[in-house]
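Single-letter residue listing:
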Amino acid sequence: LEGGPAPRLGGDAGVVKSMSLQFGDFELDQERRQLLRSGRPVPLEPKAYELLVLLVDRRPRALSRTQIRDVVWPGVFVSESTLGVAVNAIRQALGDAARQPRFIRTVHGFGYAFCGEVACDEAPESGDATWRAETRGPYPGLSSFTEEDAEVFFGREAEVEALWERLQRRRLLALIGPSGAGKTSFVRAGVIRAKPEGWAAIVSTPGRAPMMELAQALAAEVAGNVEAVKQLPRFEDPDVAVGALQQWRRDHPEALLVVDQFEELFTLNPLGTQTGFATLLGRISDAADVRVLLSLRDDFLIRCHDHEALAPVFTADLTPLVALRGEGLRRALVEPATRGGHAFEDDSLVEEMAFSVEGER
């Protein structure tokens, strides 16, 4: 890639420089991928470093354990202890304590949040997609795209549009694809960000406690709905869960629930939990009048057949997601670079790169 003219922030903000984040005596040098203390490198294992950057980037928002795993360990099963080891490594590097945190706060029963004050070198608002592409590079690598990356998510536009057309007609659908095909990126940076005007949407993952994961996903959306908020502490009761989602639905012309990585329901939960949650999803799509999209690996689709409530997914509207090809692949390569102020030397380089990975996950 050849660096083009550096994008400007507008006004007198000047040219974008490499972003450095400072908190306390520490600095995150994202160009060198190092944690520094008073200018000296602090040893930190790569995954722990990625987790720290993620928490700082999303501050002060608390991220669930599932959300963290999706970003830091995409497509890989990791245990709760693995995440705990990474958090402890960060705290040790920062001299932080779980009981009296200065930087990493534990949100009990949910996940973690960064609670320190952060200063950024010439950083604009976090939602500026051009800034994000310029400072971290135009591509997220092996990490999934999130809603914040929608401005640099290209190549799936036609598939997103086709899925939304199906969602207008069906209450319960499935999006399937092999591991690594990009389902989470498609859902978060494509489907959610392209929702029609008036639609509300939430994304949940089953994890080991699918009911509570869904409650956490819903909590931020119903913060202003007193009746719905009252029901969240009793969300394990299916009747209460349906009632809370009905309250959410009534506040919007249409509503969509996406259950991403739905195979976790089968891999991480006993049969009783599987049956209960599958039945709940059927009631949500019917009684609560909420459209439900299940995103899962194709080799787990047949497991849905064990649950009567999920029978509607076996229809002609089943949506397969395969590896990018052709023009979509080229757009995914060229457009994010363009947004970051970069250009390719010539079109033949684009064709060579696209050809070398076409059809790969």
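Numbering of residues begins from 1 in every chain and follows the order in which that chain's sequence is written. Only residues with pLDDT of at least 70 are given local features in this predicted model, and only at 80 or more are side-chain atom pairs given and counted; all residues enter the totals for whole chains, interfaces and linings. Computation of side-chain values: all heavy atoms of the structure, hydrogens and water removed.

By the convention used here, strands pair only if DSSP detects at least 2 bridges between them. Secondary structure elements are taken from DSSP: a helix is a run of H or I of four residues or more, a strand is a run of E of two residues or more, and numbering for both begins at the N terminus. In space, the five strands of this open sheet follow the order S11-S12-S13-S10-S14, with parallel pairing throughout. Edge strands, defined here as strands with exactly one partner in the open sheet, are strand S11 (199-204) and strand S14 (319-320). With two bridges connecting them, strand S10 (residues 172-177) and S14 associate as parallel partners. Within S14, the position partnered with Ile176 by the bridge is Pro320. Its contacts with the sheet place helix H7 (residues 210-219) against S11 and strand S12 (254-259), and it is angled at close to 140° to S11. The contact criterion used throughout is that any non-hydrogen atoms of two residues lie within 4.5 Å. Orientation is described by axes fitted as lines to C-alpha atoms, over the contacting stretch for helices, and by angles from 0 to 180 degrees between their N-to-C directions.

Once that is clear, we can look at the confidence of the model for the protein. Looking at the protein, the pLDDT average stands at 84 and 89% of residues meet or exceed 70. Throughout residues 1-18 the model reports pLDDT below 50, and contacts reaching past four residues in sequence, or to other chains, amount to 34 contacts. The predictor reports its confidence for every residue as pLDDT, a score running from 0 up to 100. Low pLDDT (under 50) marks residues 123-127, which in the prediction has five contacts with non-local residues, meaning those over four places away or in another chain.

Take the pairing of strand S4 (residues 34-37) next. Bridge count for strand S3 (residues 26-29) against S4 is four bridges, and the pairing is antiparallel. Among the inter-strand pairings, Phe26 is bridged to a residue of S4, identified as Arg37. Between the antiparallel neighbours S3 and S4 lie four residues, among them Arg33 with a positive phi of about 55°. As judged from the three bridges shared by S4 and strand S5 (residues 40-42), these two strands associate in the antiparallel manner. Paired with Leu36 across the bridge in S5 is Pro41. Between S4 and S5, which pair antiparallel one after the other, the connecting turn spans two residues, and Ser38 there sits at a positive phi close to 50°.

Let's shift gears to the pattern of salt bridges. Any two side chains of opposite charge can pair, so long as their charged atoms come close to each other. When a carboxyl oxygen of Asp or Glu is within 4 Å of a side-chain nitrogen of Lys or Arg, the pair counts as a salt bridge. Across all of its chains, the model carries 19 salt bridges by this definition. Here Asp57 and Arg58 are joined by a salt bridge, their closest N and O atoms 3.7 Å apart. In this scheme, a residue with accessible area under 20% of its type's maximum is buried, one over 50% is exposed, and one in between is partly exposed, where area comes from a 1.4 Å probe on protein chains only. Residue classification places Asp57 among the partly exposed positions, given a relative accessible area of 30%. Close ionic contact of Arg171 with Asp289 constitutes a salt bridge, the shortest N to O distance being 2.4 Å. Of this pair, Arg171 sits in the loop between helix H5 (157-167) and S10 while Asp289 is found in the loop between helix H11 (271-286) and strand S13 (291-297), placing the two residues 118 residues apart along the sequence. For Asp289, a relative accessible area of 23% puts it in the partly exposed group.

All right, on to the packing of helix H1 (residues 46-57) against helix H2 (residues 65-72) then. Where H1 meets H2, the axes come as close as 10 Å, and the angle between the chain directions of the two elements is 120°. Between H1 and H2, the crossing angle belongs to the class labelled oblique. When you trace H1 past H2, the crossing you get is right-handed. For the pair formed by H1 and H2, the contact residues are Lys47, Glu50, Leu51, Leu54 and Leu55 on the first element and Ile68, Val71 and Val72 on the second. The classification used treats Ala, Val, Leu, Ile, Met, Phe, Trp, Tyr, Cys and Pro as nonpolar, Asp, Glu, Lys and Arg as charged, and all other residues, Gly among them, as polar. Residues of the contact of H1 with H2, tallied by class, amount to six nonpolar, no polar and two charged. Should an angle fall under 35 degrees it is called roughly parallel, over 145 degrees roughly antiparallel, and 65 to 115 degrees roughly perpendicular, with every other angle called oblique. Crossings are sorted by hand: turned counterclockwise from the far helix by less than a right angle, the near helix makes the crossing left-handed, and turned clockwise it makes it right-handed.

Between rings of Phe, Tyr and Trp, where Trp is taken as its six-membered ring, a pair exists when centres lie within 6.5 Å; planes separated by under 30 degrees are stacked, by over 60 edge-to-face, and by other angles tilted. In total, this model carries eight aromatic pairs according to the counting rule given. Seen in terms of ring centroids, Phe23 and Phe26 are 5.9 Å apart; in terms of plane orientation they differ by 25°. Their pairing is stacked. Here Phe23 matches Phe26 in class, with each residue buried. Here the aromatic rings of Phe23 and Phe103 are separated by 5.3 Å at their centres, their planes lie at 65°, and the arrangement is edge-to-face. Pair noted here: Phe23 is in strand S2 (residues 20-23) and Phe103 is in the loop between helix H3 (80-94) and strand S7 (104-107), with a separation of 80 residues, a long-range link. The two residues Phe23 and Phe103 agree in class, both being buried.

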